[in-house]
Amino acid sequence: MIEGFKFKKKFGQNFIFDKNLIASILDKGGLDDSLPILEIGAGAGTMTQELCERAPKVVAYEIDAELKPVLDGLRLKNLTIKYQDILDVPLNVIEKDFDEYNLVANLPYYITTPIIFKFLESKKLKTMYIMVQKEVGYRLSAKAGEKEYGIPSVLVDCIGNAKVTKEISKTNFKPVPKVDSCMVKIDIKRDKYNVDFKAFSAFVQRSLAMRRKTLINNLTHNGGFDKDSVKCAYAHMSLKDSVRGEELNTGQFVRLFEYLKTKKQM
């Protein structure tokens, strides 16, 4: 524990102090320690120390400047710490420190999606290792037809391959959160579909805007496509009019996106 430190709910601070558990989490994730690492949320530095022992260089971002005495006290030669909110730092500025790198993060719920999608646009990132709430982790790695499948599942799968590598009980954190966590590994595969990610992201969000509606309703009411164009695309892909968005896998979403893009400027 950090003597006298007051944990801040606004930053979603829940730290792991067990060094053996940290090592196990990284081992289970198959951390590639040949590359420099960008760490988001250095916290008390337990993970930071382990990363510095494995990787040639670690650049860590920590939003809470009150942790500065603790983290600066680590005195690790291959560590650079920046006391900033990484969401406020442009990606090109962050990546000036790297040619190619891996990302390791322990993310509170409220910034999980913004962080992930910010870095999915990176051209230098190789792999993400992110510790998130358990249900969020399974949502990120879900496949078509599964209960957890939704917008994050499709967009992550469009750019990479996601897998839950280890579940972590809430009792391992201080203070103890309300839910369990898990480590998710996302291997970035930029040429997986070669799609315009920003435009595709908007398309998927409109397609899955209302889960109770059919996909054709979402596309015509939320997406702005005319019904004839959508039905033509359905015929081209052998889809039924009753199909719902959560039934389509990522490849099908990409095909539908590319076909409708020719019918409408997106």
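This section reports on the structure supplied with the text. (Residues numbered from 1 in each chain as written. Predicted model: local features only at pLDDT ≥ 70, side-chain atom pairs only at ≥ 80, totals over all residues. Heavy atoms only, no water.)

1. Describing the overall build of the protein
Within the protein, the regular secondary structure consists of 11 helices and nine strands. Scaling as 2.2 N^0.38, a compact globule of 266 residues should have a C-alpha radius of gyration of about 18 Å, and the protein matches this with 20 Å. Counting only C-alpha atoms and orienting by the principal axes, one finds that the protein spans roughly 65 × 40 × 30 Å. Long-range pairs, those at least 24 residues apart, make up 65% of the contacts in the protein with a sequence separation of at least 6. Just so you have it, the protein exposes about 13,200 Å², and 47% of that area is on carbon and sulfur atoms. In the protein, 43 positive and 34 negative side-chain charges are present, and the distance between their average locations comes to 4 Å. (Helix = DSSP H or I, 4+ residues; strand = E, 2+ residues; numbered from the N terminus. Rg over C-alpha atoms; globule rule 2.2 N^0.38 Å. Contact = heavy atoms within 4.5 Å. Areas by Shrake-Rupley, 256 points an atom, 1.4 Å probe, with all protein chains shown as cover. Lys, Arg positive; Asp, Glu negative; His and termini not counted. Charge placed at Lys NZ, Arg CZ, Asp CG, Glu CD.)

2. A short note on the sheet that holds strand β3 (residues 58-61)
Ordered by their spatial adjacency, seven strands build an open sheet running β4-β3-β2-β5-β6-β9-β7, and the pairing between neighbours is mixed. Whereas interior strands pair on both sides, the edge strands pair on one side only; in this sheet they are β4 (79-82) and β7 (160-168). Averaged over all pairs of adjacent strands, the angle between their axes in this sheet comes to 15°, without regard to strand direction. Of the strand pairs in this sheet, strand β5 (residues 101-106) and strand β6 (residues 125-133) are connected by six bridges, and their pairing is parallel. Looking at β6, one finds that Y101 is bridged to L125. On top of the sheet, helix α1 (residues 19-28) reaches β6, β7 and β9 (181-188); it is set at about 150° to β7, its chief contact. (Pairing = 2+ DSSP bridges. Axes fitted to C-alpha atoms, helices over the stretch in contact; angles between N-to-C directions.)

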